[in-house]
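# Per-entry structural report
What follows is each chain in one-letter form.
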Amino acid sequence: GHDLHPVLLRLKKCLPGGTQAYYWAWQIAARRLVRRLHARTPFDVSHHATFAVDWAPTATSSLPAEVGKVWGPVGGATLCPRPLLRELGPRGVATEAFRVVLGSIGRATNGKTNARSSALVIAQNDDDARIFRGIASNLLVEPNAFIDPATLPLRETDAVDQSLIIGVGRLIPLKGWPITLRMLSRLPESFRLHIYGSGPELARLQAVARRLGVEGRVVFMGHRGRAETLQAVSRARCVVFSSLHDSAPGAVAEAVAIGTPVVGLGIGGTRQILEASRRGSIVDPHVSDVAGALAAAVLDASSAPPSTRWYSTRLPQLIRRWYRV
């Protein structure tokens, strides 16, 4: 086990960006421990499997070259499409600009160092694969989505509410909720939207709903337990995922595994998961009327059998294959 000073543990929970800063410091401090453990009992393989970001340092890169290093799945290179930047709002644009700058610097330094020193790099989606192709000696794409099938509810056709749309995710700018609310305004009045998640954008989104005249058709459910959320997903017409740059959204994989149709923007991990699942409707984020395209896809949504593509039961076989590399 390894942690930093208890004061830093407390600070990471109350300072903006504290968790990321703590993670960065943790990786640097862990290098000495990793080398000491290797000197005591040499490692054959090391696997960086903590935060799935491609720009931060990793303690395992300090190990000797004879240790087979696996880095990933990692992501973070997906960018918000330029036409949709206005959906973020002023605070979201500032956050996105900071993320792009920090990520670019981190990838050019830590990311490339990690990729060169690794026997295998696992990218979460094609955006990250493009960054490290030609740098990594072995590279593959595998989204960080592994779901225990025992936790998934059954989707019973008779219990499905064809007028109910579900959204799952934090209420933060990158999730693109204003697009989803505009989509709702383009659908018949019988359609309702339930959004599961909490966050600082609640007041802004409630104002958007009022402006669009859909405040009576959308319910902000707040943070709910996973079992309750998945049960709601299983009974909905579809899940709409309007995220602007997720690397591997677990909510999309869960819906696909339940058998609930997904309508999502073709960006980053959303596109990767839906294409690999051969399920759902992918909307081009560059069309002139994104909300209208989402609404049309919702009306066309039809159920498909649950996909086993993201079951955690496949993980042992994947791990064996990765470590053989």
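Above: the structure in question.
The present account deals with the structure reproduced in this document. No experiment lies behind these values; they were computed from the predicted model shown.

## Some words on the overall build of the chain
- Tallying secondary structure elements over the chain gives eleven helices and ten strands in all.
- Over its C-alpha atoms the chain spans a radius of gyration of 21 Å, differing by no more than 12% from the 20 Å that the globule rule assigns to 325 residues.
- Each principal axis of the C-alpha distribution contributes one length, and for the chain these read about 65 × 40 × 40 Å.
- A buried classification covers 50% of the 325 residues belonging to the chain.
- Summed over its atoms, the accessible surface of the chain is roughly 15,500 Å², and 55% of this surface lies on carbon and sulfur atoms.
- Here the chain contributes 40 positively and 24 negatively charged side chains, and the mean placements of these two sets differ by 7 Å.

## Description of the packing of helix α1 (residues 6-14) against helix α2 (residues 18-40)
- Two elements in contact, α1 and α2, have axes separated by 7 Å at closest approach and are oriented at 145 degrees. Contacts between α1 and α2 involve L8, L9 and K12 on the former and, on the latter, G18, T19 and Y22.

## Quick word on the sheet that holds strand β10 (residues 281-283)
- Read across the open sheet, the six strands follow the order β7-β6-β5-β8-β9-β10; overall the sheet is parallel. With partners counted over all chains shown, the strands left at the sheet margins are β7 (218-222) and β10, one partner each. Between one strand axis and the next, the sheet turns through 20 degrees on average, direction left out of account.
- Where strand β5 (residues 161-168) lies against strand β8 (residues 236-241), three bridges are found, and the strand directions are parallel. Bridge assignment links I166 to a residue of β8, and that residue is V239.

## Digging into the environment of V53
- With respect to the secondary-structure elements, V53 resides in the loop between β1 (45-48) and β2 (68-74).
- Put simply, V53 and R192 are 139 residues apart on the chain and 35 Å apart in space, counted from C-alpha to C-alpha.
- Residues contacting V53, with those up to four places away along its chain left out, are Y23, W71, V74 and G75.

Procedures and definitions
- Residue numbers here run from 1 along each chain, matching the order of that chain's written sequence.
- Reporting in this predicted model follows two pLDDT cut-offs: at least 70 for local features of residues, and 80 or more for side-chain atom pairs to be given and counted; totals over whole chains, interfaces and linings ignore these cut-offs and use all residues.
- Calculation of side-chain values draws on the structure's entire complement of heavy atoms; hydrogens and water are dropped beforehand.
- Helix and strand definitions here come from DSSP, where helices need a minimum of 4 consecutive H or I residues and strands a minimum of 2 consecutive E residues; each element is numbered from the N-terminal end.
- Each radius of gyration is computed over the set of C-alpha atoms, and the globule rule expresses the reference value as 2.2 Å times the number of residues to the power 0.38.
- Think of it in three bands: residues with accessible area under 20% of the maximum for their type are buried, residues over 50% are exposed, and the middle band is partly exposed, with areas taken using a 1.4 Å probe on protein chains only.
- Using a 1.4 Å probe, accessible areas were evaluated by the Shrake-Rupley method; residue-level cover was limited to the displayed protein chains.
- Counted as positive: Lys and Arg. Counted as negative: Asp and Glu, with His and the chain ends omitted from the count.
- Note on charges: their place is set at NZ of Lys, CZ of Arg, CG of Asp or CD of Glu.
- Only the contacting stretch of a helix is used when fitting its axis, a line to C-alpha atoms as for every element, and angles between N-to-C directions run 0 to 180 degrees.
- Any two residues having at least one pair of non-hydrogen atoms within 4.5 Å are treated as being in contact.
- Note on pairing: DSSP must find at least two bridges between two strands before they are called paired.

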